[in-house]
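A closer look at the structure
For reference, the chains in residue letters:
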Amino acid sequence: MRFDILTIFPDVCSVYLREGIVGRAFKRGMLDIRFVDIREFAEGAHRSTDDRPYGGGDGMVMKPEPICRALDSVDRIGRNLIILLSPQGETFDQAFAWELSSWDQLILVCGRYEGVDERVRLTCIDREISIGDYILSGGELAAMVVMDAVSRLIPGVLGGARSNLDDSFEDGLLEYPQYTRPKVFREKEVPEVLLSGDHERIRLWRRSESLRRTLLKRPDLLKKARLSREDETLLAELRKD
Ligand code: 9D3
């Protein structure tokens, strides 16, 4: 899969990429990630990418020409999508990540300042994505979030040992509690069941803990979760407590 990230801060993004699962997939050639510096497509002595808003008001607006010229410079491969990261976008979630993972190329446009000239949206953008209801300083972190979440779903990006189907949210529930050595830490012991070697008991305990956490912390998720008959039984027990 290919990502093209258009930004006025290409260096900030590329540092992040060298690390972790996405970095490894990039080094192994499974992901093709390129950065396009919007400023290189700006004209004039100062190469300005922003200007004052028509109609007045505070802050600056990103000029349309540098962004659209930068987009024209990107070669498009296969099924591709141009996405603007913006607070007005559709909220990103795991289902959205799955949907994006089926494209051959995602071209991510990061805004800065108070926003981008509306004509960028009208003439160049296919989809608009927000990562949630809080204010960031620009689209770069949001683009990294989208790239990370989508990359993990590309076959082979996660090592063979780990499966994205194990992850929280893939079945719509929160993760069960995890423990590693030592057996006792600050007087807290590892639950006995995890030391029992009884795989069926362990599986049931973990499922029950997943359901318990979801019930307590994110009851909204339970409505959408895919629950088995066994899950319903465990949940009924938890609701009694
Ligand atoms: C103070 C001005 N804001 C009024 C709500 C407008 C505004 C414009 C641009 C606020 C933030 C930004 C920069 N943010 C993004 O480009 C952005 C973003 C975000 O702020 N939150 C969640 N997802 C995203 S995706 C891009």
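Residues numbered from 1 in each chain as written. Predicted model: local features only at pLDDT ≥ 70, side-chain atom pairs only at ≥ 80, totals over all residues. Heavy atoms only, no water.

**Let's talk about a nonpolar patch on the surface**
As a reminder, the rule being used: Within the patch definition used here, like charges are joined within 9 Å and nonpolar side chains (Val, Leu, Ile, Met, Phe, Trp, Tyr) within 5 Å, considering only residues with over 30% relative accessible area and no salt bridge. Methods summary: accessible areas were calculated by the Shrake-Rupley approach with a probe of 1.4 Å, and residue burial reflects only the protein chains presented. Note on definitions: salt bridges are taken to be side-chain nitrogens of Lys or Arg within 4 Å of carboxyl oxygens of Asp or Glu. Strands here mean DSSP runs of E at least two residues long; helices mean DSSP runs of H or I at least four residues long; both are numbered from the N terminus. Burial classes: relative accessible area under 20% of the type maximum marks a residue as buried, over 50% as exposed, and values in between as partly exposed (1.4 Å probe, protein chains only).
Together, Y134, L136 and L141 make up an exposed nonpolar region whose accessible area comes to about 310 Å². Position of L141 among the secondary structure elements: in helix α6 (residues 140–151). Classification of L141 by relative accessible area gives exposed; the value is 60%.

**Notes on the site of the ligand**
Note the cut-off: Note on terminology: near, applied to a residue and a molecule or strand, indicates that one of the residue's heavy atoms is within 4 Å of it. Polar contact is the term for a pair of N or O atoms within 3.5 Å; when the atoms are in protein, one must be able to donate a hydrogen and the other to accept it, and sequence-neighboring residues count only if both atoms are side-chain atoms. When residues are grouped by polarity, Ala, Val, Leu, Ile, Met, Phe, Trp, Tyr, Cys and Pro land in nonpolar, Asp, Glu, Lys and Arg in charged, and all others, Gly among them, in polar.
What surrounds the ligand is a group of 16 residues, the closest being E114, I131, G132, Y134 and L136. S130 places a side-chain nitrogen or oxygen 3.5 Å from a nitrogen atom of the ligand. In the complex, the protein chains occlude 75% of the 570 Å² of accessible area that the ligand would expose alone. Take the shell around the ligand: its biggest share by element is three residues, from strand β5 (residues 80–91). Its residues assigned to classes, the shell around the ligand comprises nine nonpolar, six polar and one charged.

**Here's the deal with the nonpolar core**
Put simply, the test is: By nonpolar core we mean a set of buried residues, namely Ala, Val, Leu, Ile, Met, Phe, Trp, Tyr and Cys, connected to one another through side-chain atoms within 4.5 Å.
In this structure, F3, L31, F92, L100, L106 and V150 are the most contacted members of the largest nonpolar core, which totals 31 residues. Where this core is concerned, the elements lending two or more residues are β1 (2–7), α1 (10–17), α2 (20–27), β5, α4 (94–100), β6 (105–110) and α6. Here the element with the most residues in this core is α6; it accounts for seven residues. V36, I67, V116 and V120 belong to the second-largest nonpolar core, a separate cluster that totals 18 residues.

**Brief notes about the packing of helix α7 (residues 199–217) against helix α9 (residues 229–240)**
Short version of the rule: Angles run from 0 to 180 degrees between N-to-C directions of axes, and those axes are lines fitted to C-alpha atoms, restricted for helices to the stretch in contact. By the definition adopted for this analysis, an angle is roughly parallel if under 35 degrees, roughly antiparallel if over 145, roughly perpendicular if from 65 to 115, and oblique otherwise. Crossing chirality is assigned from the near helix's rotation relative to the far helix, an anticlockwise turn below a right angle marking it left-handed and a clockwise turn marking it right-handed. Contact between two residues is taken to exist if any of their heavy atoms lie within 4.5 Å; hydrogens are not considered.
The interhelical angle for the contact between α7 and α9, taken along N-to-C directions, is 60 degrees, at an axis separation of 10 Å. On the basis of the axis angle, α7 is oblique to α9. The hand of the α7/α9 crossing is right-handed. Contact residues: α7 offers R203, L204, R207, S208, L211, R212 and L215, while α9 offers E230, D231, L234, L235, L238 and R239. Of the residues in the contact of α7 with α9, the class split is six nonpolar, one polar and six charged.

**Comments concerning the environment of G156**
Structurally, the position occupied by G156 is in the loop between α6 and β8 (184–185). Residue G156 is classed as partly exposed on the basis of its relative accessible area, which comes to 36%. Once the C-alpha coordinates of G156 and L215 are considered, the two residues, 59 residues apart in sequence, prove to be 33 Å apart. Not counting residues up to four positions away in its chain, the partners in contact with G156 are R28 and M30.

**Some points on the sheet that holds strand β7 (residues 127–130)**
For clarity, the cut-off: Paired strands, as defined in this entry, are two strands with at least two bridges between them according to DSSP.
If you trace the five strands from one edge of the open sheet to the other, you get β2-β1-β6-β5-β7, paired in parallel fashion. In this open sheet, the two edge strands, each paired with only one partner strand, are β2 (32–37) and β7. Ignoring strand direction, the axes of neighbouring strands in this sheet form an average angle of 30 degrees. Taken together, the six bridges between β5 and β6 define a ladder with parallel strand orientation. By the bridge assignment for β6, I83 is matched with L108.

**Quick look at unusual backbone geometry**
Glycine aside, negative phi is the norm for most residues, and most peptide bonds take the trans geometry. That bond from R181 to P182 is cis: its omega, 5 degrees, falls within 30 degrees of zero. Along the chain, P182 turns up in the loop between α6 and β8. The residue Y113 is not glycine, and still its phi comes out positive at about 60 degrees. Within the secondary structure, Y113 sits in the loop between β6 and α5 (118–124). The backbone phi angle of R186 is positive, close to 50 degrees, even though this residue is not glycine. Summarising the element assignment, R186 is placed in the loop between β8 and β9 (188–189).

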